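Chain and residue survey
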Amino acid sequence: MPEQETRENNTIQQTVKNTETSYHAEILKRRMRYTLVFVILAVAFLLVTVININTGNVDISVGRILRAVFLRKGTTDDMNIIWKIRLPRILMAAILGGALSLSGFLLQTFFENPIAGPFVLGISSGAKMIVAVVMILVVARVGAISSWAMILAAFAGSLLSTGFILLVSRTVRNMSALLVAGIMIGYICTAVTNLLVTFAADSDIANLHNWSQGSFSGMTWDNVYVGGGIIAVAVVLVFLMAKPIGAFQLGEAYAQSMGVNVKQFRIALILLSSILSATVTAFAGPISFVGIAVPFLIKRALHTASPVVVIPAAFLGGAVFCMACDLIARVAFAPTELEISTVTAIFGAPVVIFMLIWRQKGKRA
Amino acid sequence: MNSAKQETEGEDRVNSAKLDAEEEESVNSAKLDAEEEESMNDALNENTWHLHLDGLSVGYNGHPVIRDIHLGIHRGEIVTLIGPNGAGKSTILKSITRQLSLISGTVIFDQKTLSSYSYKDLSSKMAVVLTDRLHPELMTCHDVVATGRYPYTGRLGRLTKEDEQKVEDAMKAVQAQEIGSRDFNAISDGQKQRVLLARAICQDPDIIILDEPTSFLDIKHKLKLLSILRTMAKQKNITVVMSLHEIDLAMKISDRILCVHGDKIFKSGPPEDIFKGDTIQRLYDIDNGSFDPLFGSVELPGIKGRPEVLVLSSSGTGIPVYRKLQRQKRPFVAGILYTNDVDYRIARQLASEVIEEKPFHEISDRAMQQALDAVQTCTQIIDAGVEIGPCNQRMQEILKAAHESGKCVLA
């Protein structure tokens, strides 16, 4: 009998050891996976940046580019093209792309739904509506509108939609219903915008048309500083909230039992996500699908939804995605430039379809 | 206790076995009473309730579902809420976990009102297992359990070695180590419940609130879960408040039971007070069947009508026969049963007639006559096996008459 017992004890210890080692192996596997994903993203980022600077109507060799960027030496034309046009545009595409992707990740956490994103929820449409109102009112009276006014208008519009969603969320607790409410807000804003456009003079809305197509062209260093500054602050705040975001992924009730002040957290979460997407919309116009497709791909690649890893990866991924899409928009039918949303949709929409199929499969398994 | 004794005395067929049981119970209860009194004194002196619900009304959107709840719970006590579906058990639990705001009254937890705690402070003292469906994205069971350590980790939520150990221990406690690396969404509901219990355990709480923690578990894991809770309560002095649908389990594990019914606490007290008389039947409005408070078992309603079958049995041999006849909806008479026979307890609920006798007595003429009458009138007699001893010699006569009638079959 005692022999048998020791044997049993041994087997128990064996299994304990096995589970422990298998768990450590699991951690190691995860870390390697994360490292790999970040390395790939970083390489892709550098590659796209270089190709982007190197591509355009005017051919500039890599050597001249490197000289111009790092030594600030070169012909006046080279310097102007690289420093005044290409670099700000690339940087802005990276920053805004990252912000869009992160904003999508936050909204998906908030709505507990992978289809949530700034474009879907009418945050972009709200921005467009207020921009249209301001343009028609101001341009008709003053005759011109500064880009700053447009940016502020877009910002106000985004926050208006967000505020409305927050207001509805106080009575509607069901997240799917809330998501539908957000989509409806988007339709209302679009309808109002169309109404205004129908009765406005063409000259008043020429700018609106350009802006609403969404594009990274014409970015200045001022834009980079302001947009980059706002987004940097927001991203840091989001990262500091990584832990409660992780708790929130288990649902509101569990998050609260883990010590998260859910009411405050929800407001902080949706405000940060709308600041991020509002900044993007203000500078580059409405851009679709980045916020849904990129976080999804990043989570699959990392094989985790843990915010501590996903937040930086989603930002980097969004940056790479938007820079690549901007490159395609510029190059595909040069010299005609495509709308950025055209490109993001072509690459983003299939991802959404794939995502739905994947989820269905997951359920069956 | 007095009323209980009166009840016993009031019954005309007092038997020694039952008395024994009652006596033992009364000794236990006396002990409990003494403890209660002691704790009452403590309560008066320094208010030692771990959780105190004081004139609580709970409900949704300002509309109370249950009013006027008064309850003091000691550290390390197991308190179970029972009651019909929709009675408001979850509402009470959600109010204690602060998912619902109170309508009136106060909850005092560890000497302080619940609302004075920050969520963060509360999270290291109170753990929950909820009925909410959890759909975490790309999380293994181990990851889900590890979220229990959340209140103790730093800003980025990294686990230390010690945290890891606690996670491992909790998984071991619920026997879930082998599913640790599986995706949480891909395991069964029962496994999920065990993982969520492990999560609550490694949160190292002073009090654990569980809403129907056993609903998806198989019988083995039901028992396992309850024994884990008992160990936690008695060894680590963790207070357990939960709702259960399995009243038989509630009876066996709880120190105190709260019956929730209508818009109030219908009754509360130690299990021996609750599982007595027709409390349970009234709590659940059972008019379609019966509940045996001594065994904690439920029976479907018996078949009424003129008995067509006579079942002769003793010491449990009759029970399967009763059940079969009940399924066939054939009214039957059971006999001759001593009132301390297990057959007797079930026969009382299922048979349309029971011929009974006081335990350890010789069979009386009255019972004899009833049984012989039944042999005559019934169309079938089933001999399920009768143990004959010095007291019930006369059963032989009945068996003989039965076999001679030609209607008798062996079970």
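If you're wondering where the values come from, they're calculated on a predicted model, not measured in any experiment. (Residues numbered from 1 in each chain as written. Chains lettered and ligands numbered in written order. Predicted model: local features only at pLDDT ≥ 70, side-chain atom pairs only at ≥ 80, totals over all residues.)

1. Some remarks on the overall build of chain B
Broken down by element type, chain B carries 15 helices and 17 strands. Burial analysis of chain B (411 residues in total) assigns 37% to the buried set. Within chain B, residue pairs in contact and separated by at least 24 positions form 66% of the contacts whose partners lie at least 6 positions apart. (Helix = DSSP H or I, 4+ residues; strand = E, 2+ residues; numbered from the N terminus. Buried ≥ 20, exposed ≤ 12 C-beta atoms within 10 Å, placed from the backbone. Contact = placed C-beta atoms within 7 Å.)

2. Considering the overall build of chain A
In terms of helices and strands, chain A carries 14 helices and 0 strands. Moving toward the C terminus, one meets the helices and strands of chain A in the order α-α-α-α-α-α-α-α-α-α-α-α-α-α. Sorting the 365 residues of chain A into buried and exposed places 44% on the buried side.

3. Re helix α11 (residues 262-284) of chain A
An α-helix turns once per 3.6 residues; consequently, residues spaced three or four apart project the same way. Over its 23 residues, α11(A) extends 33 Å from the first C-alpha to the last, a length consistent with the 33 Å expected when each residue adds 1.5 Å. With its phi angle positive at about 80°, A:Gly285 sits one or two positions after the end of α11(A). (Expected span 1.5 Å × (residues − 1).)

4. Some words on helix α3 (residues 89-96) of chain B
With 6 of its 8 residues buried, α3(B) lies for the most part within the structure. Burial in α3(B) covers these residues: B:Lys89, B:Ile92, B:Leu93, B:Lys94, B:Ser95 and B:Ile96.

5. Quick word on the pairing of strand β3 (residues 78-82) of chain B
All names here are of chain B. Counting buried positions over the 5 residues of β3 gives 4, a clear majority of the element. Here β3 pairs with strand β8 (residues 239-243) via 4 bridges, running parallel. Bridging across to β8, Thr80 finds its partner in Met242. Here β3 pairs with strand β9 (residues 256-261) via 4 bridges, running parallel. Following the sheet pairing, Ile82 is matched in β9 by Cys259. (Pairing = 2+ DSSP bridges.)

6. Some thoughts on the domain arrangement of chain B
Looking at the assigned domains, one finds that chain B contains domain 1 (50-287) and domain 2 (300-410). Computed from C-alpha coordinates alone, the two centres of domain 1 of chain B and domain 2 of chain B are separated by 46 Å. (Domains from an automatic or database assignment.)

7. A short note on the nonpolar core
With 175 residues, the main nonpolar core has A:Leu96, A:Val131, A:Ala154, A:Met323, B:Val145, B:Ala198 and B:Ile209 as its most contacted residues. Broken down by element, the residue count for this core peaks at 18 residues, all from helix α3 (residues 76-111) of chain A. For A:Val131, the contacting residues outside a window of four places in its chain are A:Met150, A:Ala153, A:Ala154, A:Gly157, A:Leu208 and A:Trp211. Within the second largest apolar cluster, 31 residues are counted, among which are B:Phe332, B:Ala347, B:Ala367 and B:Cys378. (Core = buried A, V, L, I, M, F, W, Y, C linked by C-beta atoms within 7 Å.)

8. Section: the confidence of the model for chain B
Residue and element names in this part refer to chain B. Taken residue by residue, chain B gives an average pLDDT of 84. The fraction at 70 or more is 89%. This model gives residues 1-32 a pLDDT under 50, and the stretch forms 17 contacts once residues within four places in sequence are excluded. The ipTM value of the predicted complex is 0.81, and its pTM value is 0.80. (pLDDT = per-residue confidence, 0-100.)

9. Quick word on the pairing of strand β16 (residues 380-383) of chain B
Residues and elements named next belong to chain B. Across 4 bridges, strand β13 (residues 309-312) lies against β16 in parallel orientation. Bridge pairing in β16 places Val309 opposite Gln380. Here β16 pairs with strand β17 (residues 408-410) via 3 bridges, running parallel. The residue of β17 that forms the bridge with Ile381 is Cys408. Since β16 and β17 lie parallel, the crossover through helix α15 (residues 395-405) that links them has a hand, and here it is right-handed. (Right-handed = clockwise from strand over helix to strand, strands pointing away.)

10. Digging into the packing of helix α2 (residues 62-71) of chain A against α3(A)
For any two helices packed against each other, the geometry comes down to the angle between their axes and how far apart the axes lie. Residues and elements named next belong to chain A. Two elements in contact, α2 and α3, have axes whose closest approach is 10 Å; the angle formed by their N-to-C orientations is 70°. Taken together, the axes of α2 and α3 lie roughly perpendicular to each other. For the pair formed by α2 and α3, the contact residues are Arg64, Ile65, Ala68 and Val69 on the first element and Asp78, Met79 and Ile82 on the second. Partitioned by chemical class, the residues of the contact of α2 with α3 number 5 nonpolar, no polar and 2 charged. (Axes fitted to C-alpha atoms, helices over the stretch in contact; angles between N-to-C directions. Parallel < 35°, antiparallel > 145°, perpendicular 65-115°, else oblique. Nonpolar A, V, L, I, M, F, W, Y, C, P; charged D, E, K, R; others polar.)

11. Regarding unusual backbone geometry
Residue and element names in this part refer to chain B. With a phi angle near 50°, Asn61 is a residue other than glycine that sits in the positive phi range. Mapped onto the fold, Asn61 is located in the loop between β1 (51-60) and β2 (63-73). On the neighbour-count criterion, Asn61 (8 C-beta atoms within 10 Å) is exposed.

12. Here we look at the environment of B:Asp206
All names here are of chain B. Summarising the element assignment, Asp206 is placed in the loop between α7 (189-201) and β7 (207-211). Measuring from C-alpha to C-alpha, the distance between Asp206 and Arg323 comes to 46 Å, with 117 residues separating the pair along the chain. Not counting chain neighbours up to four residues away, the residues in contact with Asp206 comprise Asp110, Lys125, Ile238 and Thr239.

13. Focus: the sheet that holds strand β6 (residues 126-129) of chain B
Residue and element names in this part refer to chain B. The mixed open sheet is built from 6 strands, whose spatial order is β6-β7-β8-β3-β9-β10. Taken across any chain shown, the strands that pair with only one partner, and hence form the sheet edges, are β6 and β10 (264-269). Across the sheet, the mean angle from the axis of one strand to that of its neighbour is 15°, orientation sign disregarded. Sheet contacts for α3: β3, β7, β8 and β9; angle to β8, the most-contacted strand, approximately 145°. Packed on one face of the sheet, α7 meets β6 and β7 and runs near 175° to β6.

14. Re the sheet that holds strand β15 (residues 353-357) of chain B
Residue and element names in this part refer to chain B. Judged by pairing direction, the sheet is parallel, and its 5 strands sit side by side in the order β15-β14-β13-β16-β17 without closing on themselves. With one partner strand each, in any of the chains shown, β15 and β17 form the two edges of the open sheet. Ignoring which end each strand starts from, the neighbouring axes of this sheet average 20° apart. Across the sheet, helix α13 (residues 342-350) is in contact with β14 (332-338) and β15; its angle to β14 comes to roughly 150°. Its contacts with the sheet place α15 against β13, β14, β16 and β17, and it is angled at close to 130° to β16.

15. Topic: the packing of helix α14 (residues 365-377) of chain B against α15(B)
All names here are of chain B. One can describe the packing of α14 onto α15 by two numbers: an axis separation of 10 Å at closest approach and a directional angle of 10°. In terms of orientation, α14 lies roughly parallel with respect to α15. Across from Ala371, Leu372 and Val375 in α14, the residues of α15 making contact are Ile398, Ala401, Ala402 and Ser405. Considering only residue class, the contact of α14 with α15 consists of 6 nonpolar, 1 polar and no charged.

16. Quick look at the environment of A:Leu240
Residues and elements named next belong to chain A. Residue placement: Leu240 occurs in helix α8 (residues 221-240). A count of 11 C-beta atoms within 10 Å places Leu240 in the exposed class. Spatially, the C-alpha atoms of Leu240 and Ala255 are 16 Å apart, while their sequence positions differ by 15 residues.

17. Topic: the environment of A:Leu28
Residue and element names in this part refer to chain A. Tracing the backbone shows Leu28 in helix α1 (residues 2-54). Judged by C-beta crowding, with 10 C-beta atoms within 10 Å, Leu28 ranks as exposed. Considering only alpha carbons, one finds Leu28 and Gly74, 46 residues apart in sequence, at a separation of 48 Å.

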